Each structure stands twice: as C-alpha cells, then as structure tokens.
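Geometric and topological summary
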Amino acid sequence: MSTTTATPNAQEFAGRTALVTGGASGIGLALARRLSGAGAPVVVADYNEESARAAVAELESAGGRAAAVAMDVTDPASVEAGVRFAVDTFGALHLAVNNAGIGGPSSPTGEYAVEDWDRVVATNLSGVFYSMRYELPAIIAAGGGAIVNMSSILGTNGFAGSPAYVAAKHGVVGLTKTAALEYAAQNVRINAVGPGFIDTPLLRDTEGPARDHLISLHPAGRLGTAEEVAELAAFLLSDRASFIHGSYHLVDGGYSAS
Ligand code: NDP
C-alpha cells in the first residue's frame, strides 16, 4: 500500500520562481529563506531596497539564486515593474507571497486619522490587489502556480484600536477567495494565511505590558516565530497542497480557539 509522506522534498521548489513582497524583513524574509532553501529562485521585493539587497546576499551566500527589487506595493506601476523584473530575471513567475504590510497607529475608529486609514488600507489591502493584478497574468503565462496572501488572525477577529488594519486584513481574505474562484481552472491556487501575533520588527514598538497582553491572547503562552508562519505558507505554495484553493489558514498559537 502506498502512503503519502509528510516530509517535503528538499528541492521541491526547484525551477519555480517566487516573488515575496516585504521579503526583506520578518515573515517575508523567513519565507524567502525557506523557499530559497528548497530550490526556488527568489525575488525579494521590498520598500527598503538596501534591506532587500542584504537579504539577497544572504540567500546567495547560502547557495540560492535570488534578486532584489525595490517595490512599493501602494504604487501599481512599481508593482507591475517588480513583476516584470522577476520574469525578466528568472524567465517566468510561478509563486508569489503578497506579504508586505504595516501595522498603523492605534486609536479608536471615531478618532482614527483619515490619512492613517488611507495608508494602512493602501498597503495592506490595495497592495495585495495590485500584486495579484500583475502576478496573475505572469503566473498563467508560466502554466500555473500558487499565491499566498498574508492576512492575520485579524482577518477574522476584531481588535480595538486597529480599525484600518482589521478591515484591510478581512478584505484580504475576501479578495483571496474571489481570486481563487476565478483562477482555479487555470491551475493557480490562491490561499490566505492568518498569523497570530508574531515576533518580528512589526512589533518593535510593542514592549512591556502591551507585549505581555499580546502574549496572553495566545494559549501557547508566547508569540509565534516568522519561521512558523513561513512553514505554513511554504506548504500552501507546494504541490503537497494541490487541492487547497481559496481558503484561509490560521497559525496563531490557539488565539482563535477561545
Ligand atoms: P515586518 O515589518 O518585519 O516586515 C514587513 C516588510 O514589508 C518590511 O520589510 C517593510 O519595509 C515592507 N513594506 C512595508 N510597506 C511596504 C510597501 N508599501 N511596499 C513594499 N514593502 C513594504 O513585518 P512582519 O514580517 O511582521 O509582517 C509581514 C506581514 O505579516 C504583514 O502583512 C503583516 O500585517 C502580517 N502579519 C504580521 C503579524 C505580526 O504579529 N508580526 C501578525 C499577523 C500578520 P520597511 O521595513 O522599510 O517598512
């Protein structure tokens, strides 16, 4: 009797080019490392070009193929150019992780600065749309592939003081489901990941009691790691997830179970 194995092929992404937005830091960097380590040529696309170059140098010194591109996901022309760069550099695009995001300030909805709302939604929601808008034709041209959009536990739960972030992350889930319906027949799988609070530079200003409060929301008793999120996203990008389309997967230390 044949059985499937849970052990991933060490080179399961060989020959599949991956684009990771926000790939120079935190979860995006962990994903770039994870995909590169499994054979994917990786394009690290980030607002911060210097950090993207540093990430690429690290991937190359570990034996991977990688390239850096400056990309602002709030600017459709910048996203289009970044996707074109990936295709021009490695010949095709097969995988994308739309991960770039910001937290935004904390304040109740009735006091939330309109410009902060616009900035958070432009980055965390419109940025995912712009990314898929230009990635999808490239992935279809390559014969198919997979996309993971980075939502959050706040793609399903509310969180007082973060109206723009919560609304954008809920939006990412709906956008993911819709695009998945549209492109499943063209061999493109599109899924969303919902991390709990993860110990990355995004939480750099959250210290002391505020950090303790975040930890207390997770029955696991700690924040997650970028690598734990990257592992789920890598699974969803792989052929091991071949029947998973349009779903939203949590990696949240039990946050949502209570
Ligand atoms: P980081 O701040 O460590 O990484 C985010 C990266 O995105 C940074 O390199 C940042 O650049 C880049 N970026 C920001 N704005 C843009 C932009 N307009 N265009 C291109 N790149 C941009 O954060 P995380 O790794 O923690 O977050 C990654 C994703 O995971 C985000 O979408 C976040 O919302 C989500 N997430 C994070 C959680 C957490 O607790 N950390 C929990 C749930 C979801 P720069 O540093 O220059 O700003």
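Bear in mind the structure is a predicted one, so any value in this text is a computation, not a measurement.

Moving on to the pattern of salt bridges. Working definition: two side chains of opposite charge can pair if their charged atoms are close together. Tallied over the entire structure, the rule returns nine salt bridges. Asp 239 is the salt-bridge partner of Arg 16, the closest N and O atoms lying 2.7 Å from each other. Of this pair, Arg 16 sits in the segment before strand 1 (18-21) while Asp 239 sits in the loop between helix 7 (226-237) and strand 7 (248-251), and the two are 223 residues apart along the sequence. Between Arg 211 and Asp 199 there is a salt bridge, with its nearest N and O atoms 2.7 Å apart. With Arg 211 in helix 6 (residues 208-216) and Asp 199 in the loop between strand 6 (188-195) and helix 6, the pair connects residues that are twelve residues apart, well separated along the chain. Arg 211 gets classed as partly exposed once you look at its relative accessible area, which sits at 22%. For Asp 199, a relative accessible area of 46% translates into the label partly exposed. Residues joined in a network through salt bridges with shared partners are Glu 12, Arg 34, Glu 231 and Arg 240.

Quick look at the confidence of the model for the protein now. Overall, the prediction assigns the protein a mean pLDDT of 96, with 97% of residues at 70 or greater. Segment residues 1-6 is flagged for pLDDT under 50; beyond a separation of four residues in sequence, or across chains, it makes one contact in the model.

For the rest of this paragraph, the subject is the side chain of Thr 123. Following the sequence through the fold, Thr 123 ends up in helix 4 (residues 114-141). Among the polar contacts made by the side chain of Thr 123, one reaches the main-chain carbonyl oxygen of Arg 119 at a distance of 2.9 Å. Not counting residues within four places of it along the chain, the set of residues in contact with Thr 123 comprises Val 73, Thr 74, Ala 100, Gly 101, Ile 102 and Val 128.

Our focus in this paragraph is unusual backbone geometry. The phi torsion at Asn 187 lies on the positive side, around 70°, for a residue other than glycine. Note on placement: Asn 187 falls in the loop between helix 5 (163-183) and strand 6.

Among the 29 residues in the neighbourhood of the ligand, the closest are listed as Ser 25, Asp 46, Tyr 165, Ile 198 and Thr 200. At a separation of 3.0 Å, a nitrogen atom of the ligand approaches a polar side-chain atom of Asp 72. For the ligand, whose free accessible area comes to 890 Å², the fraction covered by protein is 91%. Looking at the shell around the ligand, the elements with two or more residues in it are helix 1 (26-37) and helix 5.

On to the nonpolar core. Within the largest apolar cluster, 37 residues are counted, with the highest numbers of intra-cluster contacts made by Phe 13, Leu 31, Leu 35, Val 42, Val 44, Val 193 and Leu 237. Of all elements in the fold, only strand 1, helix 1, strand 2 (42-46), helix 2 (49-61), strand 4 (95-98), strand 5 (145-150) and helix 7 reach the threshold of two or more residues within this core. Residue contributions to this core peak at eight residues, all from helix 7. Setting aside anything within four residues of it in sequence, one finds Val 44 in contact with Val 20, Gly 23, Ala 24, Ala 32, Ala 52, Ala 55, Val 56, Leu 59, Ala 67, Ala 68 and Val 69. The next biggest cluster of nonpolar side chains, apart from the first, holds 26 residues, and it includes Leu 19, Ala 96, Leu 136 and Ile 147.

On to the layout of surface pockets. Taken as a whole, the largest pocket holds about 1400 Å³ of empty space. Around the largest pocket, the lining comprises 49 residues; the ones closest to its centre are Gly 101, Ile 102, Gly 103, Tyr 165 and Leu 202. Elements represented by at least two residues in the lining of the largest pocket include exactly helix 1, strand 2, helix 4, helix 5 and helix 6. The space that makes up the second largest pocket amounts to roughly 230 Å³. If you go around the second largest pocket, you meet 15 residues; those closest to its centre are Arg 16, Gly 144, Gly 145, Asn 187 and Asp 239.

This next bit is on the pairing of strand 2. Within strand 2, five of the five residues are buried, leaving the element largely enclosed by the surrounding structure. Both faces of strand 2 are covered, namely the face carrying Val 42, Val 44 and Asp 46 and the face carrying Val 43 and Ala 45. Inspection of the sheet shows strand 1 paired to strand 2 by four bridges, in the parallel sense. Looking at the pairing, Thr 21 lines up with Ala 45 of strand 2. As for the winding sense of the linkage, the β-α-β connection from strand 1 through helix 1 to strand 2 is right-handed. Pairing of strand 2 with strand 3 (residues 66-70) involves five bridges; the strand directions are parallel. Its bridge partner being in strand 3, Ala 45 is matched across the sheet by Val 69. Chirality of the crossover, the property in question, places the unit of strand 2, helix 2 and strand 3 among those that are right-handed.

Cut-offs used in this document
Residues numbered from 1 in each chain as written. Predicted model: local features only at pLDDT ≥ 70, side-chain atom pairs only at ≥ 80, totals over all residues. Heavy atoms only, no water. Salt bridge = Lys/Arg side-chain N within 4 Å of Asp/Glu carboxyl O. Helix = DSSP H or I, 4+ residues; strand = E, 2+ residues; numbered from the N terminus. Buried < 20%, exposed > 50% of the residue type's maximum accessible area, 1.4 Å probe, protein only. pLDDT = per-residue confidence, 0-100. Contact = heavy atoms within 4.5 Å. Polar contact = N/O pair within 3.5 Å; in protein donor to acceptor, adjacent residues only side chain to side chain. Near = heavy atom within 4 Å. Areas by Shrake-Rupley, 256 points an atom, 1.4 Å probe, with all protein chains shown as cover. Core = buried A, V, L, I, M, F, W, Y, C linked by side-chain atoms within 4.5 Å. 1 Å grid on protein atoms, 1.4 Å probe; cavity = no way out; pocket = protein on both sides within 12 Å on 5 of 7 lines; lining within 4 Å. Points joined across faces, edges and corners; volume = space filled by probe spheres on them. Pairing = 2+ DSSP bridges. Right-handed = clockwise from strand over helix to strand, strands pointing away.

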